[in-house]
Amino acid sequence: MTTVHKCYAFLSRLFAATLLLAGLLCMPVHAEDTTKGTLASELEDIKSQVLKLNRDLFILEEDLLFPASTQIAVFVSVDVGRFLKLDSVELKIDDNNVSGFLYTERQRKALEQGGIQRIYLGNIKTGPHLLTAIFTGNDAEGRTVQRAITHNFDKTDETVMIELKVEDSESSYRADIKVEQWAL
């Protein structure tokens, strides 16, 4: 069993024990009126501690599954969308298909209004890599078009965050894909 699996199993058991404790503490308590106020405040404190612990466990789980030393995140955004009505995106890293997404009308409109979508979150080894993205959609005349872009990047011990921007080019009357690597 790997270290990640052991940690995940431990966190799962700890979360289950926390829920059990919270359930026991939520059981009705019969006491005098003078101690009811004290017990109620203690119970509220314990509930808030359980919620905080749950949030911390979630963050720990994310860190275990996607440590910064191996993490990569890829985002998609659309500038205006006049020259390419986005239909789908296919994402490859080092010639391995890692993600694909088909857009609904509502999702496409959200991107055109300034939204950013995280299309991929995963782990890769340190070193040089090649990202390939293939965008499929319809042009202004309704014809199906594809735009592809490749991007070479080096994975270090820091998280890699890459944004793929679909931008309208007024000079060529077509959409171009730009790559921006975010620095944290």
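Residues numbered from 1 in each chain as written. Predicted model: local features only at pLDDT ≥ 70, side-chain atom pairs only at ≥ 80, totals over all residues. Heavy atoms only, no water.

(A) Here's a closer look at the pattern of salt bridges. The full count for this structure, using the stated rule, is 13 salt bridges. Note that Asp168 is salt-bridged to Arg82, the shortest N-O span being 4.0 Å. Linking Asp168 in strand β7 (residues 160-169) with Arg82 in the loop between β1 (71-78) and β2 (85-93), this pair joins segments that are 86 residues apart in sequence. In this structure, Arg108 engages Glu112 in a salt bridge whose closest nitrogen and oxygen atoms are separated by 2.6 Å. Residue Arg108 and its partner Glu112 are located together in helix α3 (residues 105-112), separated by 4 residues, close to a single helical turn. Given a relative accessible area of 9%, Arg108 falls into the buried group. Here the salt bridges share partners, and the residues they tie into one network are Glu105, Arg108, Lys109 and Glu112. (Salt bridge = Lys/Arg side-chain N within 4 Å of Asp/Glu carboxyl O. Helix = DSSP H or I, 4+ residues; strand = E, 2+ residues; numbered from the N terminus. Buried < 20%, exposed > 50% of the residue type's maximum accessible area, 1.4 Å probe, protein only.)

(B) Highlighting the sheet that holds strand β8 (residues 174-182). With respect to topology, 4 strands assemble into an open sheet ordered β4-β1-β7-β8, the strand pairing being mixed. Edge strands, defined here as strands with exactly one partner in the open sheet, are β4 (116-123) and β8. Adjacent strand axes in the sheet meet at a mean angle of 20 degrees when their direction is disregarded. For β1 and β4, the ladder comprises 7 bridges, and the chain directions are antiparallel. Bridge pairing in β4 links Ile72 to Gly122. Each of β1 and β4 touches α3; the most contacted strand, β1, lies at about 90 degrees to it. (Pairing = 2+ DSSP bridges. Axes fitted to C-alpha atoms, helices over the stretch in contact; angles between N-to-C directions. Contact = heavy atoms within 4.5 Å.)

(C) Molecular detail of the pairing of strand β5 (residues 127-138). In the sheet, β2 pairs with β5 via 8 bridges, with the strands oriented antiparallel. Opposite Lys92, over in β5, you have Thr132 as the bridge partner. As paired strands, β5 and strand β6 (residues 144-155) are joined by 12 bridges and run antiparallel to one another. Across the sheet, residue Thr136 finds its bridge partner in β6, namely Gln146. The antiparallel pairing of β5 with β6 creates a hairpin that spans 5 residues between the two strands, and Gly142 there sits at a positive phi of about 90 degrees.

(D) Examining the sheet that holds strand β3 (residues 96-102) more closely. Spatially, β3-β2-β5-β6 is the arrangement adopted by the 4 strands of the open sheet, whose pairing is antiparallel. This sheet does not close on itself; its edge strands, each paired only once, are β3 and β6. Adjacent strand axes in the sheet meet at a mean angle of 15 degrees, parallel and antiparallel pairs treated alike. The strands touched by α3 within the sheet are β2 and β3, with β2 carrying the most contacts at an inclination of about 85 degrees.

(E) Seen up close, the packing of aromatic side chains. The final tally for this structure, using the stated rule, is 3 aromatic pairs. When the centroid spacing of 4.6 Å and the interplanar angle of 20 degrees are considered together, the rings of Phe75 and Trp182 count as stacked. Residue Phe75 is located in strand β1, and its partner Trp182 is located in strand β8; the two are separated by 107 residues in the primary sequence. Using a relative accessible area of 11% as the deciding quantity, one classes Phe75 as buried. (Phe/Tyr/Trp six-rings, centres within 6.5 Å; stacked < 30°, edge-to-face > 60°.)

(F) Looking closely at the nonpolar core. Within the largest apolar cluster, 27 residues are counted, with the highest numbers of intra-cluster contacts made by Ile72 and Phe135. Other than its neighbours up to four places away in sequence, Ile72 contacts Ile93, Tyr120, Leu121, Gly122, Ile124, Phe153, Val160 and Ile162. (Core = buried A, V, L, I, M, F, W, Y, C linked by side-chain atoms within 4.5 Å.)

Worth remembering: the numbers are spatial, not functional.
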